[in-house]
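# Survey of secondary and tertiary structure
Spelled out, the chains give:
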Amino acid sequence: MASLLFYILGFIMLTATLLCITRRNPVHAVIYLVVGFFALALMFYLLGAPLVAAWEVIVYAGAIMVLFLFIIMMLGLAPQELPEGPNWHRWGPLVLLSSSLMACTLLLIFQDPAATEIIGTYYLAPQELGEALFGRYALAVEVVSFQLLFASIGAYMLGRSLPKEDDES
Amino acid sequence: MNLWRDIKGTFQPFWITLGYLFKKPVTIQYPEEKRIPPPRYRARIVLTRDPDGNERCVACHLCSAACPVDCISMQAAEDEHGRRYAAWFRLNFSRCIFCGLCTEACPTMAIQTTPDYEICNRNILKLVHEKEDLLVDGCGKDETYNFYEHSGIGVVNERGGNEDEYGPVDPKSLMP
Amino acid sequence: MNDLLITLLLILVKLGLIFGVVLGMAAYLVLAERKILGRMQLRYGPNRVGPGGMIQPMCDVIKLITKEDFIPDRADKWVFLFAPGLTALTALLSFAVVPFAPPLHLFGREIPMVVCDLNVGVLYIFGLSSLAVYGVVLGGWASNSKYSLIGAVRSMAQLISYELALGLALVPVIMTAKSFSLTEIVMSQADWPNLLRHPLAFIIFMIAVAAESKRTPFDMPEAENEIVGGFHTEYSGMRFGLFFVGEYISLIVIGAMTTVFFLGGWHGPFLPPVVWFVMKVLFVAFLFIWARGSMPRPRYDQLMHFGWKVLLPLGLVNVVITGAVLVALNG
């Protein structure tokens, strides 16, 4: 039952992602991406991490994709005005990166074809995650949060409207 | 303090609306309850009679001329004594805007507005009222007024014989 | 196998019950809102159809169904068609985790009075409420109308801003309950409701939740007198009806959430738990109707300033204070 659900969700996720990157209309792409995130969230739930599933929906589908939509609508991107396909200067590095990633994955699979090291089903309770985040990995979490703070202050500094020179005189 | 004013301003409307919730609504529920309009209300237009029971209208066309939407039309006629009357008188209520200008124009107080406001009809042609529909048996607002006791040809008194009237001017005389 | 079948059957029965009750309540909330608003404005509200206007919701539904389902020229057809359903669906789905009574003991079985007691119930409700924006936004965008687009953009900005305050208002509640499960949150309020424990969180929650549901003091996305109905300007017939029903279902969801998080859920003296629950939900719904009759709509920048500069810092301060007090109490 669970494995069947897993394959259905995986199919939905892959199809939605594929549709997402082939759509011309940015809003349609966002809708497919949200569907993909949904399938991903359900998959996390199946794998025993309900908290991660909830965050997937709240943060990715609920907040980040909404911000994407917000920008798309504010800019009023018309689907007709997309440029022609990128030339090899653009996609060359991408292909290099993704092919090296693919090679690493294949290497791992060939090293251990039977996948003997199965990650057992593990149920992650919210309390455990909280304790891990603010206990064992407290330093890392703090470092990341400080970096986010610096980034947001930097964004504010770059984006703020400077006082006009006329005001000083 | 400003913050105190804002907080007060946020909660005061709640108190007021809660008070209104328990007051009796001012709505008049129309088909069951009917408002009695004041006597000078401008609704259905009628043609009145003078105290003697004769038609007041002398078919002068002034109402028809005053009407801004041209909803009044009539045909003037004279009887054997020279008294004018309307052979037919037609008022289209589907055009009428109930402005009351016709009643102001009328010299004989024949055409008058009444407080009867329920004129609606599903058949629009039934809103075209003929003289028989418009003519009522009463005097309307001024019960004693009779045009021919003040002016006009000799219907009630001799010509020029009314109390507040001069005799006819002799056009051949040079005297004022 | 038999046991599983009975469990499945019970879930189906509960689903059907909730579906019927919620939809019926939503229909009659519309009537109640119209009548209460009418009385607040010294008029009667609908009272013609049936005794006291009690059949008015049915007539509204018949009217909406028989109206033409109009699709604007150059609208994005499929998105336009599914957006209203999304709004109603996300609102309805929230009810899956709301516990409306303590577990019932029948024939030696314990029947929990909740469709699905997720241990991340709070996050589930957050997720759904953040998805509810998609129906509005996509509907507004697909209509190919400027007013709809403005309404959609406004609702997006508003929902993102107030979701943070909403989440922060619930953190103290979760801290005292020590669980994300809604049933346990209700259990933790057996002695006294969270309203007395966290009054500041309650106020922040009520304001944020009103903004989330686009109820009147915060109804900029559909502001009738500036953007002609906002995201549902171009909708007609039953698709508009779905938006409308979604709004009232979400009003009931808000009532249920407020009841569960702050008013002590089903706990209450003398009366049976379900009655207490429904009474509390209706009371919260009345509060929102009351606010609609009393409050003017703020300007859009005022809304944003209030959300980010007042509500969010207040929520953070509240979390810090609650945490400090809890640590102090537990030694």
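Calculation criteria
- Residues numbered from 1 in each chain as written.
- Chains lettered and ligands numbered in written order.
- Predicted model: local features only at pLDDT ≥ 70, side-chain atom pairs only at ≥ 80, totals over all residues.
- Heavy atoms only, no water.
- Helix = DSSP H or I, 4+ residues; strand = E, 2+ residues; numbered from the N terminus.
- Buried < 20%, exposed > 50% of the residue type's maximum accessible area, 1.4 Å probe, protein only.
- Contact = heavy atoms within 4.5 Å.
- Buried area = accessible area lost by both parts, 1.4 Å probe.
- Salt bridge = Lys/Arg side-chain N within 4 Å of Asp/Glu carboxyl O.
- Polar contact = N/O pair within 3.5 Å; in protein donor to acceptor, adjacent residues only side chain to side chain.
- Nonpolar A, V, L, I, M, F, W, Y, C, P; charged D, E, K, R; others polar.
- Lys, Arg positive; Asp, Glu negative; His and termini not counted.
- Core = buried A, V, L, I, M, F, W, Y, C linked by side-chain atoms within 4.5 Å.

All names here are of chain A. Considering the arrangement of structural elements, one finds Phe-11 in helix 1 (residues 2-22). Judged by its relative accessible area of 59%, Phe-11 falls in the exposed class. Sequence spacing of Phe-11 and Gly-36 is 25 residues, and the spatial spacing of their C-alpha atoms is 9.7 Å.

Taken together, the contact between chain C and chain A spans 24 residues of the former and 26 residues of the latter. Of the roughly 2000 Å² buried at the junction of chain C and chain A (both faces included), carbon and sulfur atoms supply 79%. If you sort the residues of chain C by the area they bury against chain A, Tyr134(C), Trp141(C) and Met156(C) come out on top, with a joint share of 25%. Counting every contact that joins chain C to chain A gives zero salt bridges. Where chain C meets chain A, there are one residue pair in polar contact (both at pLDDT 80 or more). In terms of residue count, helix 4 (residues 121-142) of chain C provides more of the side of chain C that touches chain A than any other element does, ten residues in total. Across the side of chain C that touches chain A, the residue classes break down as 19 nonpolar, three polar and two charged.

What follows covers the side chain of Arg83(B). Residues and elements named next belong to chain B. Positionally, Arg-83 belongs in the loop between strand 2 (72-78) and strand 3 (84-92). One buried charged residue, Arg-83, forms no salt bridge at all, with the nearest opposite charge on Asp-50 at 5.1 Å. At 2.6 Å, the side chain of Arg-83 forms a polar contact with the backbone oxygen of Glu-55. Apart from residues no more than four positions distant in its own chain, Arg-83 is found in contact with Glu-55, Arg-56, Cys-57, Ala-77, Glu-78, Tyr-148, Ile-153 and Val-155.

Right, let's get into the nonpolar core. Ranked by internal contacts, the top residues of the largest apolar core, which has 76 residues, are Phe95(C), Leu170(C), Phe205(C) and Phe261(C). In terms of residues, this core owes the most to one element, helix 10 (residues 237-261) of chain C, which gives ten residues. Leave out the neighbours within four places in its chain, and Phe261(C) touches Val122(C), Leu170(C), Val173(C), Leu182(C), Ile185(C), Gln189(C), Asn194(C) and Phe205(C). Val34(A), Val57(A), Val66(A) and Val79(C) belong to the second largest nonpolar core, which has 33 residues in total.

It is worth spelling out the interface of chain C and chain B at this point. At the junction of the two partners, chain C supplies 14 residues and chain B supplies 15 residues. Each partner contributes to the roughly 1500 Å² buried at the junction of chain C and chain B, and carbon and sulfur atoms together form 64% of this total. Inspection of the region where chain C meets chain B yields one salt bridge. Between Arg48(C) and Glu32(B) there is a salt bridge, with the nearest N and O atoms lying 3.2 Å from each other. Linking chain C with chain B are nine residue pairs in polar contact (both at pLDDT 80 or more). For the side of chain C that touches chain B, the secondary structure elements donating two or more residues are helix 1 (2-40) and helix 11 (273-294) of chain C. Per element, the largest residue contribution to the side of chain C that touches chain B is five residues, and it comes from helix 11 of chain C. In the side of chain C that touches chain B, the residues fall into eight nonpolar, three polar and three charged.

With that out of the way, let us pick up the arrangement of the chains. No other pair among the two pairs of chains in contact exceeds the contact count of chains A and C. Nothing in chain A touches chain B; the tightest C-alpha to C-alpha distance between them is still 29 Å.

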